[in-house]
Amino acid sequence: MLKITFVCLGNICRSPMAELIFKNMLEKQGLSDKFEITSSATSNYETGNPIYYLAQQILSKHNINGSHTAKRISKQELASSDFILVMDSENYQDIMRINGVDKNKVFKLCDFTSNPRDVADPWYTRDFETTYNDILDGCTSFLEYLKSNNFLK
Ligand code: 4NP
């Protein structure tokens, strides 16, 4: 069982989108029972809140359903995750600053792609389609990485 935790600032847009997109990808490929997937925030700004309505709307448009309640990442969750996949450089720095974090398991999601980059932050741009496409690209490439490096035995 591989535990993957997606992380962003608020845990209401990018990381819950990644959680549900990746879960959907795993379901389609019959791989769900090999994984435990969740998402968390680097902050407490949105703790207790549901997925932001525009993020939910773009997921629905792509036939991806599900819900999530925002929470800040805990020390326990950091320790128990095999991969901590952050959305951008700010998230990366925030996670790396936490005492005792195993730096070898922290990656930016789109660093697995052929075009390493931050996932576009839709909070001010309201462009959730670009965010969706970045996350889809990142999740596809990450799953390929796991397969070609024998993580899915
Ligand atoms: P997320 O988006 O990090 O992708 O969930 C944001 C949510 C809330 C805020 C910023 C970004 N905020 O400033 O409250």
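Computed from a predicted structure; not experimentally measured. (Residues numbered from 1 in each chain as written. Predicted model: local features only at pLDDT ≥ 70, side-chain atom pairs only at ≥ 80, totals over all residues. Heavy atoms only, no water.)

1. Points about the overall build of the protein chain
Then comes step 1: If you tally the helices and strands in the protein chain, you get six helices and four strands.
Then comes step 2: Sequence-ordered secondary structure for the protein chain, helices as α and strands as β, is β-α-β-α-α-β-α-β-α-α.
Then comes step 3: Relative to the 2.2 N^0.38 estimate, which gives 15 Å for 153 residues, the radius of gyration of the protein chain is 14 Å and therefore close to what a compact globule would have.
Then comes step 4: Across the 153 residues in the protein chain, those meeting the buried criterion constitute 52%. (Helix = DSSP H or I, 4+ residues; strand = E, 2+ residues; numbered from the N terminus. Rg over C-alpha atoms; globule rule 2.2 N^0.38 Å. Buried < 20%, exposed > 50% of the residue type's maximum accessible area, 1.4 Å probe, protein only.)

2. Concerning the pattern of salt bridges
Then comes step 1: Tallied over the entire structure, the rule returns 10 salt bridges.
Then comes step 2: Connected via shared salt-bridge partners are Arg 14, Asp 88 and Asp 121. (Salt bridge = Lys/Arg side-chain N within 4 Å of Asp/Glu carboxyl O.)

3. Here we look at the nonpolar core
Then comes step 1: By size, the foremost hydrophobic cluster in this structure holds 39 residues, and its most contacted members are Ile 4, Phe 6, Phe 22 and Phe 35.
Then comes step 2: With near-sequence residues (within four places) excluded, Phe 6 lies in contact with Ser 15, Ala 18, Glu 19, Phe 22, Ile 37, Thr 38, Ser 39, Ser 40, Leu 85, Met 87, Leu 109 and Cys 139.
Then comes step 3: In terms of nonpolar packing, the next biggest core, distinct from the first, is built from nine residues, Val 7, Ile 84, Val 86 and Val 106 among them. (Core = buried A, V, L, I, M, F, W, Y, C linked by side-chain atoms within 4.5 Å. Contact = heavy atoms within 4.5 Å.)

4. Concerning the site of the ligand
Then comes step 1: If you check the shell around the ligand, you find Cys 8, Leu 9, Gly 10, Asn 11, Ile 12, Cys 13, Arg 14, Glu 46 and Trp 123 and nothing else.
Then comes step 2: Residue Leu 9 places a main-chain N or O atom 3.1 Å away from an oxygen atom belonging to the ligand.
Then comes step 3: In this structure, Arg 14 approaches the ligand through a side-chain N or O atom, which is 2.8 Å from an oxygen atom.
Then comes step 4: In isolation the ligand offers 350 Å² of accessible surface; the protein chains occlude 89% of this area.
Then comes step 5: Here the shell around the ligand is built from residues that sort into five nonpolar, two polar and two charged. (Near = heavy atom within 4 Å. Polar contact = N/O pair within 3.5 Å; in protein donor to acceptor, adjacent residues only side chain to side chain. Areas by Shrake-Rupley, 256 points an atom, 1.4 Å probe, with all protein chains shown as cover. Nonpolar A, V, L, I, M, F, W, Y, C, P; charged D, E, K, R; others polar.)

5. Side note on the packing of aromatic side chains
Then comes step 1: Scanning the model with the defined rule gives 14 aromatic pairs in all.
Then comes step 2: Considering the side-chain rings of Tyr 52 and Phe 128, the 6.1 Å spacing of their centres and the 20 degrees angle between planes classify their relative orientation as stacked. Residue Tyr 52 is located in the loop between strand S2 (35–41) and helix H2 (53–61), and its partner Phe 128 is located in helix H6 (residues 128–148); the two are separated by 76 residues in the primary sequence.
Then comes step 3: With a relative accessible area of 18%, Tyr 52 lands in the buried category.
Then comes step 4: When the centroid spacing of 5.4 Å and the interplanar angle of 75 degrees are considered together, the rings of Phe 83 and Phe 151 count as edge-to-face. (Phe/Tyr/Trp six-rings, centres within 6.5 Å; stacked < 30°, edge-to-face > 60°.)

6. Here's the deal with the side chain of Arg 14
Then comes step 1: As for its placement among the helices and strands, Arg 14 is situated in helix H1 (residues 14–28).
Then comes step 2: Side chain to side chain, Arg 14 and Asp 88 meet in a polar contact 2.9 Å long.

7. Details of the sheet that holds strand S1 (residues 2–8)
Then comes step 1: The strand order S2-S1-S3-S4 describes an open sheet built from four strands, whose pairing is parallel. Bordering the open sheet on either side are S2 and strand S4 (106–108), each of which pairs with just one other strand. Looking at each pair of strands side by side, their axes are set apart by 25 degrees on average, direction ignored.
Then comes step 2: Where strand S3 (residues 83–86) lies against S4, three bridges are found, and the strand directions are parallel. What sits directly across from Leu 85, in S4, is Phe 107.
Then comes step 3: Contacts from H1 reach S1 and S2, with the element oriented near 170 degrees to S2.
Then comes step 4: Relative to the sheet, H6 contacts S1, S2 and S3, its axis offset from that of S3 by approximately 155 degrees. (Pairing = 2+ DSSP bridges. Axes fitted to C-alpha atoms, helices over the stretch in contact; angles between N-to-C directions.)

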